[in-house]
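Here are the chains, one letter per residue:
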Amino acid sequence: MPNREVLYPQYVDWLSKLDDAGGPLKWITKQKHFPEHSGPNAARYWKQINEAVFRSERVQLAIEEEVIRRKCQRVEVEKEAHAILDKMGHKYSIWNVKGFGYVVTKVLRRLFRGIYVNEPAMKEILKLSGQYPVIFMPSHKTYMDFILISLICYEYDIELPAIAAGEDFAKMAFMGEVLRRSGAFFMRRSFGKDYLYWAIFSEYVQQHLVHNDRTIEFFVEGGRSRTGKSVSPKYGLIQAVLEPFLKGDVLDIILVPVAMNYDKILEEMLYAYELLGFPKPKETTSALLKARNVLNRDYGKCFVTFGKPISARDYFNGRIYRPLHNLDKTLTMEEKSEIRRLAHFIVKEQNANSILTVWPLACNLFESIDLSEVDFTIKLLKMPIDKETGRKNEGLNKEVMGLAVTRIAIDNYANSMLPFCAYEAIIAFLMSSRIVKNDELEKGFLFVLSLLNREIISVPGEEKNEFQKAMHRMRAANMISGKGDEVSKIDEWAWIAKLERLIRPYMKHFLIVINCLSGDNEKLAKLESTSKAISYVQQQMILLYEKDYSLLDLTYLSSDPIKNAIQTLIDRKILKNYQPHPPHPPQPQQPHPPHPQQHAYLQQVQQQVLQQVQHLKIPLSEKTEISRQTGNICNSSRACSNSSSRVCSNSIHIL
Amino acid sequence: MASQTEVLENNVPPSYRDKILKWNGWGYNDSYFKVNSDGHVTFTGDKYDISGKVMPHLRPWFEANLGVDLGYETKSQTIDAFVIPPPVDNDEIYDMLKERGISFSNSPRIRLMRAHGHTVHDMINLRHGKIPRIPDLVVWPKSEKDVVSILEAAQSAHCAIIPIGGGTSVSSALAVPELEKRCVISMDMALMDRIIWIDRNNLTCRAQAGIIGQKLERELNAKGFTCGHEPDSIEFSTLGGWISTRASGMKKNKYGNIEDLLVHLNFVSTKGTIQRQCQVPRISAGPDILQVILGSEGTLGVITEATIKIFPLPQVKKYGSFVFPTFERGVEFFREIAKLRIQPASLRLVDNEQFIMGQALKTEDNSWWHSLKSSLSKMYITKWKGFSVDQMCAVTCVYEGQNDEVDEQERRLNELAEKFQGVAGGEENGKYGYRLTFAIAYLRDLGMNYGVLGESFETSVPWDKVLTLCNNVKQLIRREAKKLGVQYPVLASCRVTQVYDTGACVYFYFGFNSRGLTNGLEIYDKIETAARDEIIACGGSISHHHGVGKLRKQWMLSTHGAVSIGLLKAIKSEIDPANVFANANLIDIIGSPHSKL
Ligand SMILES: Cc1cc2nc3c(=O)[nH]c(=O)nc-3n(C[C@H](O)[C@H](O)[C@H](O)COP(=O)(O)OP(=O)(O)OC[C@H]3O[C@@H](n4cnc5c(N)ncnc54)[C@H](O)[C@@H]3O)c2cc1C
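It should be emphasised that the depicted structure is a prediction, and the values quoted were computed from it without experimental measurement.

**Re the overall build of chain A**
Looking only at helices and strands, chain A features 30 helices and 13 strands. Per-residue burial over chain A gives 58% buried out of 655 residues. Counted over contacts in chain A with a minimum sequence separation of 6, partners at least 24 positions apart contribute 80%. Total accessible area computed for chain A in this model is approximately 28,400 Å², and 53% of it derives from carbon and sulfur atoms.

Pasting the structure below:
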C-alpha cells in the first residue's frame, strides 16, 4: 500500500490530559495565557471589531453606493448594515468559553474513548500565532469539528478561532448562541449580488486577520462532507482570507490544514437520508444533541492531525507579483487560479494527514462483514423513512430507499478510504481494462481523473506527477512491473482487483447518470434546478433498479455523486446549464442591480465524453462484481452478471 | 598600501576631503563614538554638542538590542594594509590636462577617497576588504570652462568620467563599474564652491554646483537668508549632488524639496551645454528638461551652476515634541496634519524602537534638577496617562517663521495632538530628537567595531499604506534575519520623516550583529532586497530621496515599465553616445561594459 507520510506523528490523548488536569471543571478554570499579538493593537473586544468594520472605508463606501442605488435615506441602509453585522458577528468572550466549555468537555468525555492530537504541531502553531494570523482549515464531516478545534486551541494556549459557520447554525435556539459566544460568526450560504453584504463580510473577516485579533477557522470544503471523503473545495472564502496578504496588508498568513478523523460520526444516518434527497432537517439544537440518543453512544476514537503550517508568503513566492495591486485592487485571474490551486493543495494535505481507522477498511476491502453485528445499521434499517422528515421525496420507492439508506451509510465510511489510494486505484482500473502501454495508461489516467475531479480532489497541474508517483508506489509494492513500454500485473494478492473495485463503481455510476440524462431534451429542460435534476436521475435509477435490481448498486442513489457527475458534465459542456453564475465577489466599483432569477434547465449538447470512454475500451460490462456489493444485497446480485452489461450497452446505444 | 610605481600630479589643491575626513567611516577624523575606560560610550572631538559627553545608557542599549559584546571587536584594517589597485594608465590624458592647466592626481589615497559613498558595502569593503575598482585619476575643475575642457580631453583620450560632489551617496552611485576598462576620471567638484550672486529682489541665489550645504547655508545666513534645504547630510553633501539625486531636506514642508527650490541650472554634456534662456518661476514650454537633469545621478553630464530660491531668515526657530501611546496614533495624527495642511517646517514620527534608542543616547547630566524633571515627566506619561513604555513613540517638530505664525502653528498642533491622545513633550526633547540626526551616521561606525552591520533606507508611500508598510517591513526584516541565521536580536525601526498631501516618506534603520556568520554582508544584502520587495508590495516606492544608483537598479524596470526605460535609454544615447559618464547608475545601456545584454 502507498506509504502516506503522517506528519507530526506524536499523538497525545487529550482526554487523558483532561483527566490529569482533574476533570472538566478544573481544566476549564485553569488560568490561560494567550500569546501577545503582533498587530498594532491588542485583540479587540467583539463590539470594537463590529464598530471598526462598520466605520471602515469599504463598508462606508458600500453604504453610500447602496443609498444611491436604492434612492433611499442613508439611515435606512446604515440600519441594515448594523443588522447584518449583528447577525454575522461573534460575541466571543473567554468567560463564555469557560462556561460552555465545562458542559461540552463533560459531554465529550462521555462520547469518546480517545481524542488524539499531534501535540508537537500545536507548539509550533502557538509560536506562529503570536506573529501572524493563523487560519485553521479542518476537513469537515461533523459538527464536532467546531468544538474540537476550539478545545484543543484552549488546551495549548492558542487564541481561540473565530469560526466561519453557515448562517443556519445561528438559528439553532441554544447552540447557535453558544457557538456565537464561543467565537463563531455566521455567513449566508450564498450572497449573490448583495454588495453590501459582501463588503461587510469580507471586511469582517479581513479585519480579524489584519489585526490578528483571533485565529480564524473555516472549512475550505464549504460544508460538511456527507460522503466521508473530501468535497471539491470552495474558493470564495479562501480568496477573501488571502486578499490582505496579496494586497500587502499583512506580511504573511499561516494556513494550517487539519485532518479530522472519527471512528464514527454523529450525523451518519442523517447524511444517508439527505443523500437520498430528503430535505436537510433544520439545524436544531435538539437534532444535534438529543436525537438518536447521541449521548448514550460510544463514538470510539477520533484523531485530530494538524498539518504542517503553510506560509502564504512562501507558498506564493515566485508565483504571483503582488505590487500589481498598487494600481488595481482587484485580484487577477492568475491570482485566482493560484488560490484555487492552494485550496486543492489544502485538501490534499488534509487527506495526506488523515488517519485511516479500521472501520472504513472493513467497509471496503474485507469481504465478509456481518452487518448484523453492527448495531447502528440495524437501527437504521428499522427506521421508517417518512417519519424522518415532514416531507416525502415524491416518487421514490420507499422500500428501495430503505435499503439504500443502509448501503449509503456504509458506503460513506468506505469512501474515506478513497483518498489513500485513489490514484493507484485508477491505474488498477485501467489495467483491468487491458490497458498496458505506459503512455496509454497516462492518458487514460488523466482522462479518468478529469471525469472524477469532484470525487478525487487533486491539485490542478499536479496530475501527471501523481500518475508517476502512483506508478512508482505500485512498482515498489510489487503490484506491477514494467518492461520497456509495457506494464504488467504481478498482483499475487489480488491487490489490483481490490483496488480496481474502488474506482469501477464511480465510472459505472458516471455512465448511468449519462444514461439517465440522455435522450429526452424536453424533459431535461423542465428541470428547474440542479436539485431537481438530481432527483430526476434518482427516479430514473429506481426505475432501472425495479426493472432489474442487478443493474445498479443502491449506493448510486446517493445524491452527492450524482451532483458531481452532473456538474462535471456541465463543466465539460456536455450539458448546458442556464443557472445564473455562482456568486463571486462583486466589484464595488461597478454596482449592478441583481439579476432576476433565471430559470435553470439542462440541455444535452455533446456526447464526446462517452465516446472517449468507449475509446478507452473500458469494458464496464465485463466485471460482474461491484465492490460495494457486500452483505445481503450483494449476494443476491451476484447471480445476474450479464444484466449489468445491458445498462451500459444500452446507454451507449441511446447516446 | 599601494604598489603604484609613479604618482602623477598637477597642482593638487589641499582639500577637506583628504585632510579632515575619515578614510573608512563617516565624517570628521576627530569625531567618533568610543568606549571610555569606565566602559561608557562617549563622543570625541569638539564639533558637536555631544562632543566630550558621556552617554551612560548607550552601551547597555547596544548590548540589549543588538547583542553586542565589548569583548568581541571587529576593528578596521589600517590604511597601510588596504590594497589599492594601480590605475589604468592613459598618458594622453595626463598631458592634455597639464596643457589645459587643470589640477589632477592619481595618488592612491586621493583616488580611494573618491571611490565610494556611504553604503554598508562601502564601509565593510574599506574596513575589512578592498574596493574592486576605483577611479584612476582625480581632477579638480575650478570653473565651468574647466569642466568643458576636461570633457573634451576625456573624449579625445577615451576616458570615462564620474562627477563627485560630497561623496555622501548611499546608493553605490559613485562606485566605478568593475568591468570599465577605460581610464576613469573622478571629477571632484570641490573647488567650484562659491556663491556667485544673491538676488534680493527675486530672492534667488546662484551658486557653483560643488558648494557644500553647510557652507552655502552659512554664507546665506550671514546675509540674512536661508535656502531652507537641510538634508541630514548637509555637512558634506553639495548643491550639484542634491540636484543629481533629487534630494529632500527635513524642512521641505516650508521650503520645498530640491526640485521645488531649483530655478535654473547650467549643465555640461558631451553634446554641449544645456541652459534655459530665462530664470522664471514657471514656464510652459513643453516637457521640462530640468526634470530630466534632476535625478540623473551623473549619467548624462555635469551640473556646474544652479540658481535656487532663498528666503529671509525666519524670526523664530522653535522645536517641539509630543509623545503618543502608539505608532498608529502618531500616523493618524500625521494624516490629519496633512489633510489640514498645518505641517510645520519639519515633522518626524519615530517608532518605539527609535524612541528607546533616543533615550539611550541621552547624555549624563549632573544637574539633579534635570533628572528630577525627566523622571517626573516619565511618571506622568506612564502612570498618569497609562502609556506603555514598549508601545509609545514620539513626534518631534521644527517651527520656523514669524513669531505669531509660529505661535499659531504650535497652538493648532497641540490641539490636534490631544485628539489623538498625544501629550506635548516640550521643546528640549524636540531639539534633542534632531540632534540624533547627526549622531546616527557616527553611531554606525561604533557598531561596526563590534560586528554590527547597519544601514538606513527609505521610501515614499500613500497614506493608507503607511502603517501596514511600516509593520510589515519591520517584521519581515526580523523574520528574514532569523531565517538566514542571525543569532542576535535585530534592530528594525522606522520613522515617518515627511508628510505630503497624498502620502509620506518612511525611513528605516536596520542593523544586526553579524557575529558568528561567515557571510554577514551577503545576508545583509538578502535582507535589504527582501525588505525593498516588501516595501514595493506594500505600495511603497523604490526610493523617496536616496536615489537609485546601482543598488536599486533592479527595481527600475518594474517601477517605470519598459517604454519609460526605453525613453531614458534614448536620452542617454542621444546626449552621451560614447558613454563618457560611465557610472552606470539608473539603467543599463546596451553596448556598455556593464550591460547585461
Ligand atoms: C548620513 C547621511 C544622511 C543623508 N541624509 C539625506 C537626506 O536627508 N536627504 C537626502 O536627500 N539625502 C540624504 N543622504 C544621501 C546623500 O547625502 C544625497 O544623495 C546627496 O544629495 C548626495 O550629494 P553629494 O554631493 O554627496 O553627491 P555624491 O554622493 O558625491 O554624488 C551623488 C551622485 O550625484 C552625482 N553628482 C554629484 N555632483 C554632481 C554634479 N555636480 N553634476 C553631475 N552629477 C553629480 C554623482 O556622480 C553621483 O552619481 C544622506 C546620506 C548620508 C550618508
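What follows continues from the structure just given.
**Quick look at the UniProt feature "domain: Phospholipid/glycerol acyltransferase" (unreviewed entry) in chain A**
What UniProt calls "domain: Phospholipid/glycerol acyltransferase" (unreviewed entry) maps, in this numbering, to residues 134-263 of chain A. Helix makes up 38% of residues 134-263 of chain A and strand 19%, with an end-to-end C-alpha separation of 28 Å.

**Comments concerning the sheet that holds strand β9 (residues 195-199) of chain B**
Residues and elements named next belong to chain B. The 5 strands are arranged β9-β10-β14-β12-β13 in an open sheet whose pairing can be described as antiparallel. Two strands lie at the open edges of the sheet, namely β9 and β13 (272-275), each paired on one side alone. Pairwise comparison of adjacent strand axes, ignoring direction, gives a mean angle of 10° for this sheet. Pairing geometry for β9 and strand β10 (residues 204-208), over 4 bridges, is antiparallel. For Ile195, the partnering residue across the bridge sits in β10 and is Ala207. Helix α7 (residues 213-222) rests against β9, β10 and β14 (302-309) of the sheet, and its axis sits at about 40° to β9.

**Observations concerning the sheet that holds strand β4 (residues 54-55) of chain B**
Within a beta sheet, neighbouring strands are joined by backbone hydrogen bonds and run either parallel or antiparallel to one another. All names here are of chain B. Taken in spatial order, the 3 strands make up an open sheet running β2-β3-β4, and their pairing is antiparallel. Strands with a single pairing partner mark the edges of an open sheet, and in this sheet they are β2 (33-35) and β4. Two elements, strand β3 (residues 41-43) and β4, share 2 bridges in a ladder whose sense is antiparallel. Looking at the pairing, Val41 lines up with Met55 of β4. Its contacts with the sheet place helix α16 (residues 427-448) against β2 and β3, and it is angled at close to 40° to β2.

**Overview of the site of the ligand**
Residues and elements named next belong to chain B. Around the ligand, 35 residues are found, and the nearest of them are Pro163, Gly166, Thr168, Ser233 and Thr238. Take Asp232: an N or O atom from its main chain is 2.7 Å from an oxygen atom of the ligand. A distance of 3.0 Å is found between a nitrogen atom of the ligand and a side-chain nitrogen or oxygen belonging to Ser244. Contact with the protein chains hides 96% of the accessible area of the ligand, taken as 960 Å² for the molecule alone. The biggest single contributor to the shell around the ligand is helix α8 (residues 239-245), with 5 residues. Looking at which domains feed residues into the shell around the ligand, each of domain 1 (9-30 + 75-188) and domain 2 (195-312) supplies at least three.

**Quick look at a negative patch on the surface**
There is a patch of like negative charges on the surface, built from Glu6(B), Asp89(B), Asp91(B), Glu92(B), Asp95(B) and Glu99(B). With respect to the helices, strands and loops of the structure, Asp95(B) is situated in helix α3 (residues 91-99).

**Here's the deal with the pairing of strand β12 (residues 262-269) of chain B**
Residue and element names in this part refer to chain B. Along β12, 8 of the 8 residues are buried, which leaves the element largely enclosed by surrounding structure. Looking at chain direction, β12 and β14 are connected through 6 bridges and run antiparallel. Along β14, the bridge assignment pairs Phe267 with Ile303. Between β12 and β13, which follow one another and run antiparallel, lie 2 residues.

**Points about the UniProt feature "active site" (unreviewed entry) in chain B**
All names here are of chain B. According to UniProt, the "active site" (unreviewed entry) feature falls on Tyr507. Non-local contacts of Tyr507, meaning those with residues more than four positions away in its chain, are made with Ser456, Phe457, Glu458, Ser493, Cys494, Arg495, Thr497, His545 and His546. Among the polar contacts listed, one links the side chain of Tyr507 to the side chain of Ser456, at a separation of 3.0 Å.

**Concerning the domain arrangement of chain B**
Residue and element names in this part refer to chain B. Each domain of chain B was delimited in the assignment, giving domain 1 (9-30 + 75-188), domain 2 (195-312), domain 3 (316-438), domain 4 (450-538) and domain 5 (552-596). The gap between the C-alpha centroids of domain 1 and domain 4 is 31 Å. Each side of the interface is counted separately: domain 1 has 5 residues, and domain 4 has 6 residues. Between domain 1 and domain 4 the total buried area reaches about 500 Å² when both faces are included, carbon and sulfur atoms providing 66% of it. Interface area lost by domain 1 to domain 4 is led by Val120, His121 and Ile124, which between them contribute 83%.

Conventions adopted
- Residues numbered from 1 in each chain as written.
- Chains lettered and ligands numbered in written order.
- Predicted model: local features only at pLDDT ≥ 70, side-chain atom pairs only at ≥ 80, totals over all residues.
- Heavy atoms only, no water.
- Helix = DSSP H or I, 4+ residues; strand = E, 2+ residues; numbered from the N terminus.
- Buried < 20%, exposed > 50% of the residue type's maximum accessible area, 1.4 Å probe, protein only.
- Contact = heavy atoms within 4.5 Å.
- Areas by Shrake-Rupley, 256 points an atom, 1.4 Å probe, with all protein chains shown as cover.
- UniProt positions renumbered as here; feature names shortened; annotations may be inferred.
- Pairing = 2+ DSSP bridges.
- Axes fitted to C-alpha atoms, helices over the stretch in contact; angles between N-to-C directions.
- Near = heavy atom within 4 Å.
- Polar contact = N/O pair within 3.5 Å; in protein donor to acceptor, adjacent residues only side chain to side chain.
- Domains from an automatic or database assignment.
- Patch = residues over 30% accessible without salt bridge, like charges linked within 9 Å, V, L, I, M, F, W, Y side chains within 5 Å.
- Salt bridge = Lys/Arg side-chain N within 4 Å of Asp/Glu carboxyl O.
- Lys, Arg positive; Asp, Glu negative; His and termini not counted.
- Charge placed at Lys NZ, Arg CZ, Asp CG, Glu CD.
- Buried area = accessible area lost by both parts, 1.4 Å probe.

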